[in-house]
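Here is what each chain is made of, one letter per residue.
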2 protein chains.
Amino acid sequence: MIMLQDLLAQRANPDVPSALSGLFPQDTDPRALSFAAGSPREDLFPVAAMRAAFDTAITENGAHLFQYQTAQGNPGLRAKLAARIGKWGQVTTTADNVVLTVGGQQAIELVAKAVLNVGDEIAVEVPTYVGALAAFDLYQPTYHAVPLQADGLDLDRLEDTLKRHPRIKLLYTVPDYHNPTGITMSIAKRRQLVDLANRYDFIILEDSPYRDLGYTHVPLPAIKSFDTAGRVVFVSSLSKILMPGLRTGWLVADGDLLAAILRVRLASDLETANVVHAAIDAYLEANDLDAHIDALRANYRAQCAALVQGLTAYFPDEVGYTRPDGGFFDWVTLPEEVDAAALLTQAAIPQAHVTYVPGTNFYPNRDVHNGLRLCFTGLTPHEIDVGMQRLGAVVKQAVRGARPVV
Amino acid sequence: MIMLQDLLAQRANPDVPSALSGLFPQDTDPRALSFAAGSPREDLFPVAAMRAAFDTAITENGAHLFQYQTAQGNPGLRAKLAARIGKWGQVTTTADNVVLTVGGQQAIELVAKAVLNVGDEIAVEVPTYVGALAAFDLYQPTYHAVPLQADGLDLDRLEDTLKRHPRIKLLYTVPDYHNPTGITMSIAKRRQLVDLANRYDFIILEDSPYRDLGYTHVPLPAIKSFDTAGRVVFVSSLSKILMPGLRTGWLVADGDLLAAILRVRLASDLETANVVHAAIDAYLEANDLDAHIDALRANYRAQCAALVQGLTAYFPDEVGYTRPDGGFFDWVTLPEEVDAAALLTQAAIPQAHVTYVPGTNFYPNRDVHNGLRLCFTGLTPHEIDVGMQRLGAVVKQAVRGARPVV
């Protein structure tokens, strides 16, 4: 095999690691407890109902179900999703503005593809979803990082950045139970963010796969609900509230942006599997999705509480952490001298048999090393307690080692 | 709604039409006969067997089927496809080198994404598949067009082009029952093409969705079968031999190229719907795909023969056409003065009630206007005869109108 690296695109340069490479550490020890991958719980998947839904969809639609359809996707499912974001996000839209995608990931990638030339400026909250950074990286933008506060994006810092960099085209945000921090943006900030977008002329990519998984309140109005100029693209997914193997995400867009997204979508993969979308449509006809989500919330709520309790009980005062009220994740901030990746390989895995995702890849410039993401969905409350106790012990060691005793 | 065009990427510029825009003309007249869209026949879809396969796959695999899996896709299906291209294409490979994609379209787009920077040089045979041009256009390459001969790509012209443009990175070809011409590349040329790629250091993208649909002989060895340097990416699809709504394509790649493709794939959509791939795997366990393909061939062979017969009987001598021995398409070359798009809207639709795809978009520089593509899969032999008679009449008018009577 000869080396063909000179024939690859810059975006695929193997010397520059991808934001998604080596993300999930492996620990094969039988005591291992994983807080790493953000996977939903398989034991809560509605498998029998979905099997019946596939059968119904194929029986009712026949051969035409399997013919080429449209880039936008199954109209019945699009109508239901439009109604859903109307009800739970206060976004007034119709099936005509919904596009079905291969998970939320493809929706993000399509927006990046429709908007970004090489070197174009974009703003992201930090830390942010690694998969979004990987998608943006394909189009080689110039990043501006804006910090998060307890109620979401720091809008003063964002406006400072916009004043200095008025050519910023796109802002990416996860406003609901943010990945990786669990933070939710306040309603006031959602409104103000749209005002900023109108004043500084940029597009908002609102990525909201966790919005239905709030453990203390119903979903807030989407940022898209404040959009009067067609400059917000709302993205969500069925991966976390139904099953990720359906690979069904969706977006809501308007006007020029919708046309551009559909155009690059058609050139990318024509359309996605209509049989799956028809099955989901049949599932939604025959089942109460909100009741299913209630059951998910009851489970995940207890897991989330166990995690926060463990962090409170077992972690030293020098360590910060968020208190999510929804979603899958908690974000831990170690003292600046402690490298979360080194702690993982040198102590958390070999001593504590606990895995997590070190936070560096959640920053576009990979310049912060003391954060880590914990996912609480894959373990029971008891396992979470045991894991936090073990991880807390090695974190204490590291903090003491990093700080000289006075 | 305000105009956001200034915020779009160049690749989505609405002032530049996409290669895929307005491709399929509509004629709502009850007499209308469509030779336009390249859709397979729905009445030949194995719907009942696929419904059973979905049921088997979900029953046997349970919840884990619907969890996140891998970017490469279902291992069982990959192994079967690797064996298939071994048997029918003489390509020695394994499941480890196969990637499942959203149709062949995504496979093409992923190769473009892994290889092309803005302005990079690529060579394509002309005319060529419009969807490939749309995928390449996303990455804004510089095109070099190489003509086709009756036995495939003109390799002398290709070598001339390579001498003048030694930085060409990628050559795209559809060697088997080519879209849009139906031409098949000879075995000798396949071997020579790989030699050229080794000497001039470029990648070959071999796109072969029709290879199983030969009406006179078994499939030829793939170009990939002559590849010893890992520089050929083989792409195929189940859309034409099973059903397009499954949105299942696949590629075979090696080494650096495989790694680059998987990297950009992960960033694009993570992975595709495992439930569909598991169902196809179950279908292939329970059914004889080759027997199904034999039935397709028996039908399409008669339709293909009717088309060539109609062209021979009803078209004037000034018009050229190919004689495909497989695939879906025939390519008609009108006298240079006759514009196929104008003929369609001014005569073929209003007078003959026949639609086809005008050929301009099959050329990367949109600089040839006298070709048209006919698809013969959607109509019965009798309808094909009627359609060719009607189209032949308006073509005769146009040819007489274009050529002064001496």
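Everything numeric here is computed off the predicted structure, so don't read it as measured data.

Calculation criteria
- Residues numbered from 1 in each chain as written.
- Chains lettered and ligands numbered in written order.
- Predicted model: local features only at pLDDT ≥ 70, side-chain atom pairs only at ≥ 80, totals over all residues.
- Heavy atoms only, no water.
- UniProt positions renumbered as here; feature names shortened; annotations may be inferred.
- Helix = DSSP H or I, 4+ residues; strand = E, 2+ residues; numbered from the N terminus.
- Phe/Tyr/Trp six-rings, centres within 6.5 Å; stacked < 30°, edge-to-face > 60°.
- Buried < 20%, exposed > 50% of the residue type's maximum accessible area, 1.4 Å probe, protein only.
- Pairing = 2+ DSSP bridges.
- Expected span 1.5 Å × (residues − 1).
- Contact = heavy atoms within 4.5 Å.
- Buried area = accessible area lost by both parts, 1.4 Å probe.
- Salt bridge = Lys/Arg side-chain N within 4 Å of Asp/Glu carboxyl O.
- Polar contact = N/O pair within 3.5 Å; in protein donor to acceptor, adjacent residues only side chain to side chain.
- Least-squares fit on C-alpha atoms with pLDDT ≥ 70 in both.
- Domains from an automatic or database assignment.
- Axes fitted to C-alpha atoms, helices over the stretch in contact; angles between N-to-C directions.
- Parallel < 35°, antiparallel > 145°, perpendicular 65-115°, else oblique.
- Nonpolar A, V, L, I, M, F, W, Y, C, P; charged D, E, K, R; others polar.
- Right-handed = clockwise from strand over helix to strand, strands pointing away.
- Core = buried A, V, L, I, M, F, W, Y, C linked by side-chain atoms within 4.5 Å.

## Side note on the UniProt feature "domain: Aminotransferase class I/classII large" (unreviewed entry) in chain A
Inference 1: In the UniProt entry, the feature "domain: Aminotransferase class I/classII large" (unreviewed entry) is given for residues 34-391 of chain A.
Inference 2: Strand forms 16% of residues 34-391 of chain A and helix 43%; the C-alpha atoms that close the span are 11 Å apart.

## Some points on the packing of aromatic side chains
Inference 1: Across all of its chains, the model carries 19 aromatic pairs over all chains by this definition.
Inference 2: Put simply, the rings of Tyr210(A), Tyr300(A), Phe328(A) and Phe329(A) pair up and form one aromatic cluster.

## A word on the pairing of strand β2 (residues 98-101) of chain B
Residues and elements named next belong to chain B.
Inference 1: Burial of β2 is two-sided: the residues Val-98 and Leu-100 facing one way and the residues Val-99 and Thr-101 facing the other way are all buried.
Inference 2: Bridge count between β2 and strand β9 (residues 249-252): four bridges; the pairing is antiparallel. Pairing of Leu-100 across the sheet is with Trp-250, part of β9.

## A few points about the sheet that holds strand β8 (residues 232-237) of chain A
All names here are of chain A.
Inference 1: Pairing is mixed in the open sheet, where eight strands are placed in the order β2-β9-β8-β7-β6-β3-β4-β5. The two strands at the open ends of the sheet, each matched to only one other strand, are β2 (98-101) and β5 (152-153).
Inference 2: Relative to β5, strand β4 (residues 142-149) runs antiparallel, the two being bridged by two bridges. Bridge assignment links Leu-148 to a residue of β5, and that residue is Leu-153.

## Section: helix α3 (residues 103-115) of chain B
Inference 1: Its 13 residues place the ends of α3(B) 19 Å apart at the C-alpha level, agreeing with the 18 Å of an ideal helix rising 1.5 Å per residue.
Inference 2: The element α3(B) is extensively covered by neighbouring structure, given that 13 of its 13 residues are classed as buried.

## With respect to the interface of chain A and chain B
Inference 1: Tallying the contact residues gives 82 residues for chain A and 82 residues for chain B.
Inference 2: Among the residues of chain A in contact with chain B, Leu7(A), Phe66(A) and Arg263(A) are the three that bury the most area, contributing 11% of the side total.
Inference 3: Across the salt bridge formed by Arg51(B) and Asp55(A), the nearest N and O atoms sit 3.9 Å from each other.
Inference 4: The tally of links from chain A across to chain B stands at 39 residue pairs in polar contact (both at pLDDT 80 or more).
Inference 5: Per-element accounting of the side of chain A that touches chain B gives the leading share, nine residues, to helix α7 (residues 255-269) of chain A.

## A closer look at the environment of Ala340(A)
Residue and element names in this part refer to chain A.
Inference 1: Residue position: Ala-340 is located in helix α10 (residues 340-352).
Inference 2: Taking relative accessible area as the criterion, Ala-340 reaches 0% and is therefore assigned buried.
Inference 3: Sequence separation between Ala-340 and Gln-67 is 273 residues, and the spatial gap between their C-alpha atoms is 50 Å.
Inference 4: If we skip the residues at most four places from it in the chain, Ala-340 touches Leu-334, Tyr-356, Pro-358, His-369, Asn-370, Gly-371 and Leu-372.

## Some points on the relation of the copies chain A and chain B
Inference 1: When chain A is fitted to chain B, the best match, at an RMSD of 0.0 Å, comes from turning it 180° and sliding it 0.0 Å along the axis. Accordingly, the operation relating the two chain copies is best matched by a two-fold axis.
Inference 2: Taken as a fraction of all interface residues of chain A, those also at the interface in chain B reach 100%, which identifies the copy contact as same-surface.

## A word on the domain arrangement of chain A
Residues and elements named next belong to chain A.
Inference 1: Split into domains, chain A comes out as domain 1 (23-45 + 291-402) and domain 2 (70-270).
Inference 2: Facing 28 residues of domain 1, the contacting portion of domain 2 comprises 31 residues.
Inference 3: For the pair domain 1 and domain 2, the summed buried surface comes to about 2500 Å²; carbon and sulfur atoms form 67% of the total.
Inference 4: Per-residue buried area on domain 1 facing domain 2 is highest for Asp-325, Phe-362 and Pro-364; these three make up 25% of the total on that side.
Inference 5: One can count one salt bridge joining domain 1 with domain 2.
Inference 6: Among the salt bridges present, the one from Asp-137 reaches Arg-366, with a minimum N-O distance of 3.3 Å.

## Details of the sheet that holds strand β10 (residues 320-321) of chain A
Residue and element names in this part refer to chain A.
Inference 1: Ordered in space as β10-β11-β14-β13, the four strands form an open sheet in which the pairing is antiparallel. The open sheet terminates on both sides in strands that have one partner only, identified here as β10 and β13 (357-358).
Inference 2: Pairing geometry for β10 and strand β11 (residues 329-333), over two bridges, is antiparallel. From the neighbouring strand, Gly-320 faces β11, where its bridge partner is Thr-333.

## Some remarks on the packing of helix α2 (residues 75-89) of chain B against helix α9 (residues 289-314) of chain B
All names here are of chain B.
Inference 1: Between α2 and α9, the least distance of the axes is 13 Å, while the angle of their chain directions is 55°. Taken together, the axes of α2 and α9 are oblique relative to one another. Every residue of α9 that contacts α2 at Arg-84, Lys-87 and Trp-88 is listed here: Leu-289, Asp-290 and Ile-293.
Inference 2: Partitioned by chemical class, the residues of the contact of α2 with α9 number three nonpolar, no polar and three charged.

## Focus on the pattern of salt bridges
Residues and elements named next belong to chain A.
Inference 1: Inspection of the entire model under this criterion finds 40 salt bridges over all chains.
Inference 2: Of the charged contacts in the structure, one is a salt bridge between Arg-84 and Asp-212, with a shortest N-O distance of 3.1 Å. With Arg-84 in helix α2 (residues 75-89) and Asp-212 in the loop between β7 (203-207) and β8, the pair connects residues that are 128 residues apart, well separated along the chain. As far as burial versus exposure is concerned, Arg-84 and Asp-212 are alike and both buried.
Inference 3: Linking Asp-201 and Arg-231 is a salt bridge whose minimum nitrogen-to-oxygen distance equals 3.1 Å.

## Here's the deal with the environment of Arg41(B)
All names here are of chain B.
Inference 1: With respect to the helices, strands and loops of the structure, Arg-41 is situated in the loop between β1 (33-34) and α1 (47-61).
Inference 2: For Arg-41 and Tyr-300, which are 259 residues apart along the polypeptide, the C-alpha to C-alpha distance reads 9.1 Å.
Inference 3: Setting aside chain neighbours within four positions, we find Arg-41 in contact with Asn-299, Tyr-300, Gln-303 and Thr-377.
Inference 4: For Arg-41, the side chain forms a polar contact with the side chain of Asp-43, separated by 2.7 Å.

## As for the pairing of strand β4 (residues 142-149) of chain B
Residue and element names in this part refer to chain B.
Inference 1: Taken together, the six bridges between strand β3 (residues 121-126) and β4 define a ladder with parallel strand orientation. Considered in β4, the bridge of Val-126 is made with Pro-147.
Inference 2: Once you follow β3 into helix α4 (residues 130-137) and on to β4, the crossover reads as right-handed.
Inference 3: Where β4 hands over to strand β5 (residues 152-153), the hairpin turn is made up of two residues, counted between the paired strands.

## Brief notes about the nonpolar core
Inference 1: Counting residues in each nonpolar core, the largest one holds 155 residues, and the members touching the most others are Phe54(A), Phe66(A), Phe54(B) and Phe66(B).
Inference 2: With nine residues, the top contributor of residues to this core is helix α9 (residues 289-314) of chain A.
Inference 3: Those residues within four positions of Phe54(A) in sequence are excluded, and the remaining contacts are Leu246(A), Val275(A), Val276(A), Ala279(A), Phe54(B), Ile58(B), Phe66(B) and Val275(B).
Inference 4: Grouped together as the second largest cluster of nonpolar side chains are 103 residues, Ala132(A), Val357(A), Leu7(B) and Ile203(B) included.

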